[in-house]
Every structure is written in structure tokens, then in C-alpha cells.
Amino acid sequence: MTRPRRVVLGTSALAAGALASLLCLAIALAVTNGGNWFLPTFLATLIWGAIPATVLAFCAGAPLGILLQPVRNQWLHVAAFAGLGALIGTGLAALRPWSGSSAGFMLSAALMMGGALAIGRLAVWRLVSVDPEGHQDPLSA
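Description of the structure in this document. From a predicted model like this one, the values you see are computed outputs, not experimental measurements.

Remarks on the overall build of the protein
Assigned secondary structure in the protein consists of four helices and zero strands. Secondary structure elements in the protein, listed N-terminal to C-terminal, are α-α-α-α. By the burial criterion, 34% of the 141 residues in the protein qualify as buried. Look at the contacts in the protein between residues 6 or more apart in sequence, and 68% of them connect residues 24 or more apart.

Right, dumping it as C-alpha cells:
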């Protein structure tokens, strides 16, 4: 008798994680701007960030999820996604068009992106099935 396959990395999980990450990032950026710019910053981040968040979810999040399949501790998954977000945030901060990327700006970008991706991974925690006996097939959990 064969066991049914349980796919960890479904399109719905990627979409839910990307949406949760984008919402967290939009809130963080809007709070940072504050005042009368809260709502415009929040909406602009959601609108202009939808396509990049989707692309990053499939181009960076999916491969990381596949690499982490043998790891059963989901907190390590959350930490790995936070690290990926910190790397992306630091890279994007280093590419900003005006001169003099300060260390404070790069740190805040890394923390915001890292936190957003960690919360996005936490959002899909229940969608991930972990086989406690370690009998996982490739690309399934």
C-alpha cells in the first residue's frame, strides 16, 4: 500500500506567504513614514510590491523551501527565511539610487525584509506537513 503524497510547496502556500510578507512590509514601511503618509505609503507598497513579491516568492522562496525539506524543525525554516529576507533587504538597500548608503538604512532594510519574510513563513506554518519518521519522498513532506 502506498502512502499518499503530501506536497509542502504548493502554489497556495507560496501565495499566502508572499501576501503575508507583503502586508507586513507595507505596514512596516507605512509606520516608518507615519503621519499623513501612512495610508499612501501602505497602498503604494501593496500596489507596486505585488509583482516583485510574487517573483521573489517563486524565484527565492520556492528553492529555499525545497532545500529545507529534509529539515523537520520549522523554526529553522523561519530563521532561514528571515536570513533570506535580510540578504534581500541589504542588497536592495545597497542599490538605492542616491549616494551614500548608510549602515543604519541598510540595517533597517535588512530587519524589515527579514521580519516580513519570517512572518510570511510563519503564516504558512499550518500548510506544511512534516513526516516525523523521516520517510519523505523528494519534493513532498
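There's plenty left to go through after this.
Quick notes on the packing of helix H2 (residues 38-67) against helix H3 (residues 74-94)
The N-to-C vectors of H2 and H3 enclose an angle of 140°; their axes lie 11 Å apart at closest approach. By the criterion of interaxial angle, the relationship of H2 to H3 is oblique. The two elements H2 and H3 cross, and the hand of that crossing is right-handed. Residue-level inspection shows Leu 56, Ala 60, Gly 61, Leu 64 and Gly 65 of H2 in contact with H3, the latter providing Ala 80, Phe 81, Leu 84 and Ile 88. Of the residues contributing to the contact of H2 with H3, the split by class is seven nonpolar, two polar and no charged.

Description of the environment of Ala 30
Residue position: Ala 30 is located in helix H1 (residues 11-33). Each C-alpha atom, one on Ala 30 and one on Thr 45, is 8.4 Å from the other, the two residues being 15 residues apart in sequence.

Topic: the layout of surface pockets
Put simply, the largest pocket is a space of about 1,000 Å³. Forming the boundary of the largest pocket are 42 residues, of which Leu 25, Leu 56, Ile 88, Met 113 and Leu 117 lie nearest the centre. Of all the secondary-structure elements, those providing two or more residues to the lining of the largest pocket are H1, H2, H3 and helix H4 (103-123). By residue number, the principal contributor to the lining of the largest pocket is H2, which donates 11 residues.

How each quantity is defined
Residues numbered from 1 in each chain as written. Predicted model: local features only at pLDDT ≥ 70, side-chain atom pairs only at ≥ 80, totals over all residues. Heavy atoms only, no water. Helix = DSSP H or I, 4+ residues; strand = E, 2+ residues; numbered from the N terminus. Buried < 20%, exposed > 50% of the residue type's maximum accessible area, 1.4 Å probe, protein only. Contact = heavy atoms within 4.5 Å. Axes fitted to C-alpha atoms, helices over the stretch in contact; angles between N-to-C directions. Parallel < 35°, antiparallel > 145°, perpendicular 65-115°, else oblique. Left-handed = near helix turned anticlockwise from the far one by under 90°. Nonpolar A, V, L, I, M, F, W, Y, C, P; charged D, E, K, R; others polar. 1 Å grid on protein atoms, 1.4 Å probe; cavity = no way out; pocket = protein on both sides within 12 Å on 5 of 7 lines; lining within 4 Å. Points joined across faces, edges and corners; volume = space filled by probe spheres on them.

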